[in-house]
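So the chains spell out like this:
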Amino acid sequence: MYPPAFDYAVPRSLDEALDLLAEVGDEGRVLAGGQSLIPMMKLRLAAPAHLVDINEISELSYIREVNGHLAIGALTRHADVVRSEIVGAGCSTMASAAPWVADPLVRNRGTVCGSVAHCDPEGDWNSVMLALGAEVVARSRTGERVIPISDFVVDFFTNALEPGEMVTELRVPRDDERSGGCYLKLERKIGDYATVGVAAHLRLDERGRIGRAGLALTSVAPVNLEVEEAERMMAGQEPSEELFAEAAEIAARTCQPQSDVRGPAEYKRAVVRAYTRRALHQALATARGER
Amino acid sequence: MEVTVTVNGVEYRRETEPRRLLVDFIRTDLGLTGTHIGCDTTSCGACTVLLDGVPVKSCTMFAVQANGHELTTVEGLRRDGELSPVQAAFKEHHGLQCGFCTPGMMLVATALLGANPDPTEDEVRWALSGNICRCTGYANIVKAIQSAAATMHEGVRA
């Protein structure tokens, strides 16, 4: 399978990449890991006229701790996150999700920022980012915007980038001593999309109540679905089995699964209910320092 | 576009279209047909090559992206006319049935043993989880890789 012909450019610096993107406008796409974009081009579901390949801009590959958040560069690959001690120590939710993204070979190539920008509702990272309340840094030749992930994910395969803009960094809140989270994914086999994925993140206040709750779902709606009703319901509450069961009911009621090869909709709804409860318990244990 | 790439230690320079997939560049333009095309959809790992030592699926990269980089294909595993420890172990332990997935399996195994010389069975299976054997011959593939690890240890001690 072959994509239609395209122009290819391989800039050596971010400034050069931004100049190229400005020139080509909405006919251009950034090629990072290419593990979603290239298959889509081969299937002719995407046909950008210009590709700007950022793989030679090594300055975009980093994981840093900056002012209470982790900064993930545009060229940071999933495998870098799997191996990262900074993520292992500073972001339990990302650390638990990373080994379940795609398969080992795809993780060697695919990037976190690319996956976030792709906005595939079956992608794992946007659920994680929604649960964490991450921010996306977008740059163009004319400036920089910092976009909350909930505004960045606009719709099915649709992000908030303007022509000429690219994602340069993700900013992910770092766990403190009273916060933690996890990502639970049901998949038929490694490398398949999630049948259901649930990202949960809890920040406790000094009395042990839930200060902030983050909950988002993969593969059960046209977008990665932040379950805001459950998040609001849990905020300020004492964590308990009953509270998490209620949040799970809200998640099961809110999601919009479709019947497909991965199972009937009602099965997926039941998995959402069970996994949400489990994920919240696991997030609580992590936030309490019990695991 | 002109692409210069080092494959198995040999430098090649070729003119190619940007949309040329790396796997076709390797097989057709360079004539190295040990790299196989299986699913052509980033699922099966038959087209695995090492890019600067890291296993990747060559059906999901453009050849132009390999410009200036080093590739290893299955043809590059032999050393001084001898099978590499991984190749010898696949032969010895019947780590292949139809053989179609074998180049990818051996390249992943070679990268794994480079990074982790003494993997557990779980670690081997985890590393192989992006490569599909349609014959379902995984048991012997795993056995072969663990045996290769042991052989390589003996080599170091000898």
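The structure presented is a predicted model; accordingly, all values stated were derived computationally and were not measured.

Take the pairing of strand β3 (residues 48-51) of chain B next. Residues and elements named next belong to chain B. Side chains of β3 alternate between two faces, with Thr 48 and Leu 50 and Val 49 and Leu 51 buried alike. The sheet contact formed by β3 and strand β4 (residues 54-57) spans 4 bridges and is antiparallel. Across the sheet, the residue bridging to Val 49 is Val 56, located in β4. Counted between consecutive antiparallel strands, the loop separating β3 from β4 contains 2 residues, among which Asp 52 sits at a positive phi close to 50°. In terms of strand pairing, β3 meets strand β5 (residues 70-72) through 2 bridges, oriented antiparallel.

This part covers the interface of chain A and chain B. With 31 residues of chain A at the interface, the matching set in chain B holds 32 residues. For the pair chain A and chain B, the summed buried surface comes to about 2500 Å²; carbon and sulfur atoms form 62% of the total. Scanning the region where chain A abuts chain B turns up 2 salt bridges. For Asp 40 of chain B, the salt bridge identified is with Lys 42 of chain A, shortest N-O distance 2.7 Å. Taken together, chain A and chain B are joined by 11 residue pairs in polar contact (both at pLDDT 80 or more). Elements that contribute at least two residues to the side of chain A that touches chain B include exactly α2 (37-42), β3 (50-53) and α6 (104-107) of chain A. Among the residues forming the side of chain A that touches chain B, the class breakdown is 19 nonpolar, 4 polar and 8 charged.

It is worth spelling out the domain arrangement of chain B at this point. Residues and elements named next belong to chain B. Taken as a whole, chain B is organised into domain 1 (2-76) and domain 2 (85-157). Each of domain 1 and domain 2 has a C-alpha centre, and the two are 21 Å apart. Counting from both sides, the interface comprises 17 residues of domain 1 and, opposite them, 12 residues of domain 2. The three residues of domain 1 that bury the most area against domain 2 are His 36, Thr 48 and Val 74, which together make up 41% of that side's buried surface. Here domain 1 is connected to domain 2 by 0 salt bridges. If you look at where domain 1 meets domain 2, you find 4 residue pairs in polar contact (both at pLDDT 80 or more). In terms of residues, the side of domain 1 that touches domain 2 owes the most to one element, β3, which gives 3 residues.

Turning to the domain arrangement of chain A, a few remarks are in order. Here the domain parsing of chain A yields domain 1 (7-53), domain 2 (60-173) and domain 3 (179-287). Computed over C-alpha atoms only, the centres of domain 1 of chain A and domain 3 of chain A are separated by 34 Å.

Turning our attention to a nonpolar patch on the surface. All names here are of chain A. A cluster of nonpolar residues, Met 1, Leu 43 and Leu 45, forms a patch on the protein surface that exposes about 300 Å² of accessible area. If you trace the backbone, Leu 45 turns up in the loop between α2 and β3. For Leu 45, a relative accessible area of 61% gives the class exposed.

Going through the model one piece at a time under the given rule, you end up with 3 aromatic pairs over all chains. A ring pair is formed by Trp 100 of chain A and Trp 126 of chain B, whose centres lie 5.4 Å apart and whose planes are at 80°; its orientation type is edge-to-face. With Trp 100 of chain A in the loop between α5 (92-97) and α6 and Trp 126 of chain B in helix α4 (residues 121-127), this residue pair bridges two chains. A residue is classified by how much of its surface remains accessible, and Trp 100 of chain A, at 34% relative accessible area, is partly exposed. Look at Trp 126 of chain B and you get partly exposed, because its relative accessible area is 34%. Its end group placed over the ring of Tyr 62 of chain A, Arg 64 of chain A keeps NZ or CZ at 3.7 Å from the ring centre.

Residue and element names in this part refer to chain A. By size, the foremost hydrophobic cluster in this structure holds 36 residues, and its most contacted members are Met 94, Trp 125, Val 128, Met 129, Phe 152, Leu 170 and Val 172. Breaking this core down by element, the ones donating at least two residues are β5 (69-73), α5, α7 (112-118), α8 (125-132), β6 (135-140), α9 (149-152) and β10 (166-173). Considering each element in turn, this core owes the most residues, 6 residues, to α8. Of all hydrophobic cores here, the second largest spans 32 residues; its members include Ala 200, Ala 221, Ala 230 and Ala 279.

This part covers the side chain of Asn 131 of chain B. In this fold, Asn 131 of chain B is placed in the loop between α4 and α5 (138-157). Residue classification places Asn 131 of chain B among the buried residues on the basis of a relative accessible area of 3%. For Asn 131 of chain B, the side chain forms a polar contact with the main-chain oxygen of Gly 45 of chain B, separated by 3.2 Å. At 3.3 Å, the side chain of Asn 131 of chain B forms a polar contact with the side chain of Thr 48 of chain B. Those residues in contact with Asn 131 of chain B that lie beyond four places of it in its chain are Leu 105 of chain A together with Cys 44, Gly 45, Thr 48, Gly 104, Met 105, Val 108 and Tyr 138 of chain B.

Let us look at the sheet that holds strand β2 (residues 10-15) of chain B. Residue and element names in this part refer to chain B. As summarised here, the arrangement of the 5 strands in space is β2-β1-β5-β3-β4, forming an open sheet in which the pairing is mixed. At either margin of the open sheet sits one strand with a lone partner, and together these are β2 and β4. Taken over all neighbouring pairs, the strand axes of this sheet differ in orientation by 40° on average, direction set aside. Examined bridge by bridge, strand β1 (residues 2-7) and β5 share 2 bridges and lie parallel to one another. What sits directly across from Val 7, in β5, is Leu 71.

Rules used in this analysis
- Along each chain, numbering runs from 1 in the same order as the chain's sequence is written.
- The lettering of chains begins at A and the numbering of ligands begins at 1, in the order of writing.
- In view of the model being predicted, local features appear only for residues whose pLDDT reaches at least 70, and side-chain atom pairs are presented and counted only at 80 or more, with totals across whole chains, interfaces and linings using the full set of residues.
- Working from all heavy atoms in the structure, the side-chain values ignore hydrogens and water.
- Partly exposed residues are those whose accessible area sits between 20% and 50% of the maximum for their type, while under 20% is buried and over 50% is exposed, using a 1.4 Å probe and protein chains only.
- Helical segments are the DSSP runs of H or I of at least four residues, strand segments are the runs of E of at least two, and each set is numbered from the N terminus.
- Two strands are counted as paired when DSSP detects at least two bridges linking them.
- Any two residues having at least one pair of non-hydrogen atoms within 4.5 Å are treated as being in contact.
- The term buried area refers to how much accessible surface (probe radius 1.4 Å) is lost by two components on association, counted for both of them together.
- Any carboxyl oxygen of Asp or Glu within 4 Å of a side-chain nitrogen of Lys or Arg constitutes a salt bridge here.
- Any pair of nitrogen or oxygen atoms within 3.5 Å is treated as a polar contact; in protein, a donor-acceptor pairing is required on top of that, and neighbouring residues in sequence qualify only through side-chain atoms on both sides.
- In this classification, the charged set is Asp, Glu, Lys and Arg, the nonpolar set is Ala, Val, Leu, Ile, Met, Phe, Trp, Tyr, Cys and Pro, and all remaining amino acids, among them Gly, are polar.
- Segmentation of the chain into domains, including their bounds, is taken from an automatic or database domain assignment.
- Only residues whose relative accessible area exceeds 30% and that form no salt bridge enter a patch; like-charged residues are grouped when within 9 Å of one another, and nonpolar side chains (Val, Leu, Ile, Met, Phe, Trp, Tyr) when within 5 Å.
- Each accessible area is a Shrake-Rupley estimate made with a 1.4 Å probe; only the visible protein chains count as cover when residues are assessed.
- Each aromatic pair joins two rings of Phe, Tyr and Trp (for Trp, the six-membered one) with centres within 6.5 Å, and gets the label stacked for planes under 30 degrees apart, edge-to-face for over 60, and tilted for any other angle.
- As a reminder, the over-ring test applies to NZ of lysine and CZ of arginine, requiring each to be within 6 Å of the ring centre and within 35 degrees of the ring normal.
- Among buried residues, those of type Ala, Val, Leu, Ile, Met, Phe, Trp, Tyr and Cys that are joined through side-chain atoms within 4.5 Å constitute a nonpolar core.
- A fitted line through C-alpha atoms represents every axis, and for helices the fit uses only the stretch in contact; the resulting angles, taken between N-to-C directions, go from 0 to 180 degrees.

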